[in-house]
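One letter stands for each residue in the lines below.
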Amino acid sequence: MATKTIAGAHSPPNSPDETAQDPADQLENTLAQLEALLWVCHGEDIDWCSGTGPRQLDNLLWLAAELARKAGELFQLSEKARHGAPETSS
C-alpha cells in the first residue's frame, strides 16, 4: 500500500489570486478539502478531538471559508454586471 505524500501543512493561499499557485499545490489542497468533506459525510464514530479528527475539521473549515470567499467575489461581480459598472481588475 502506498504511503500518503504531504508536501506541507495545508493552508489557504497568501493571495486571493489562485492562479499564482502551482497546479500541483492547488490539486493537493483540493484533494485535502474533498477528503475532509467525504470524511464528514461518513458521519459515524467521528472523534473531532483526537486522531485525524482535528486535521479533517481544519480542512473542512478551510473549504467552507474558501467557498464563502468565492461566493462573495461572485456576488460582487454579479452586482457590478447588474448595475452596468465596468469590471475592474485588482
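As the structure is a computational prediction, the values presented were derived from the model and not from experiment.

Undergrad: What is the right way to read the overall build of the protein chain from this model?
TA: A count of helical and extended segments in the protein chain gives two helices and zero strands. A total of 90 residues make up the protein chain; the buried ones form 13% of that total. A total of about 6900 Å² of accessible surface is found on the protein chain, and carbon and sulfur atoms cover 61% of it.

Undergrad: Where do I start with helix α2 (residues 53-82) in this structure?
TA: Side chains three or four residues apart in an α-helix point the same way, a direct result of the helix having 3.6 residues per turn. An ideal rise of 1.5 Å per residue puts 44 Å on 30 residues; α2 measures up with 43 Å between its terminal C-alpha atoms. Along α2, the residues that are buried comprise G53, Q56, N59, L60, W62, L63 and E66. Note on α2: the residue one or two positions beyond its end, G84, has a positive phi of about 75°.

Undergrad: Whenever I open this one, a nonpolar patch on the surface confuses me. Can you help?
TA: A cluster of nonpolar side chains, namely L27, L31, L34, L37 and L38, defines an oily patch on the protein surface of about 460 Å² accessible area. Mapped onto the secondary structure, L38 falls in helix α1 (residues 23-42).

Undergrad: Could you clarify how one ought to interpret the confidence of the model for the protein chain in this entry?
TA: The predicted structure's coordinates, where accompanied by low pLDDT, should not be read in detail. The pLDDT averaged across the protein chain works out to 78; a share of 70% of its residues lies at or above 70. Below pLDDT 50 for its whole length, residues 1-7 participates in five contacts with residues either more than four positions away or in separate chains.

Undergrad: What is the right way to look at the pattern of salt bridges in this model?
TA: As a working rule, side chains carrying opposite charge can pair if their charged atoms are close by. Taken as a whole, this structure holds three salt bridges when the rule is applied. The residue E35 makes a salt bridge to R55 at a minimum N-O spacing of 3.8 Å. A residue pair is termed long-range when its members are at least 10 positions apart, and E35 in helix α1 and R55 in helix α2 qualify at 20 residues.

Undergrad: Just checking my understanding: could you explain α1 for this structure?
TA: For α1, with 20 residues, the first-to-last C-alpha span of 29 Å sits near the 28 Å given by 1.5 Å per residue. Every buried residue of α1 is listed here: E28, N29, A32, Q33 and A36. Projected down its long axis, α1 shows its buried positions confined to an angular sector of 130°, all on one face. Exposed side of α1, more than 90 degrees from the buried face: P23, L27, L38, C41 and H42 are the residues found there. Lining the buried residues of α1 we find α2.

Parameters at a glance
Residues numbered from 1 in each chain as written. Predicted model: local features only at pLDDT ≥ 70, side-chain atom pairs only at ≥ 80, totals over all residues. Heavy atoms only, no water. Helix = DSSP H or I, 4+ residues; strand = E, 2+ residues; numbered from the N terminus. Buried < 20%, exposed > 50% of the residue type's maximum accessible area, 1.4 Å probe, protein only. Areas by Shrake-Rupley, 256 points an atom, 1.4 Å probe, with all protein chains shown as cover. Expected span 1.5 Å × (residues − 1). Patch = residues over 30% accessible without salt bridge, like charges linked within 9 Å, V, L, I, M, F, W, Y side chains within 5 Å. Salt bridge = Lys/Arg side-chain N within 4 Å of Asp/Glu carboxyl O. pLDDT = per-residue confidence, 0-100. Contact = heavy atoms within 4.5 Å. Arc of directions from axis to C-beta.

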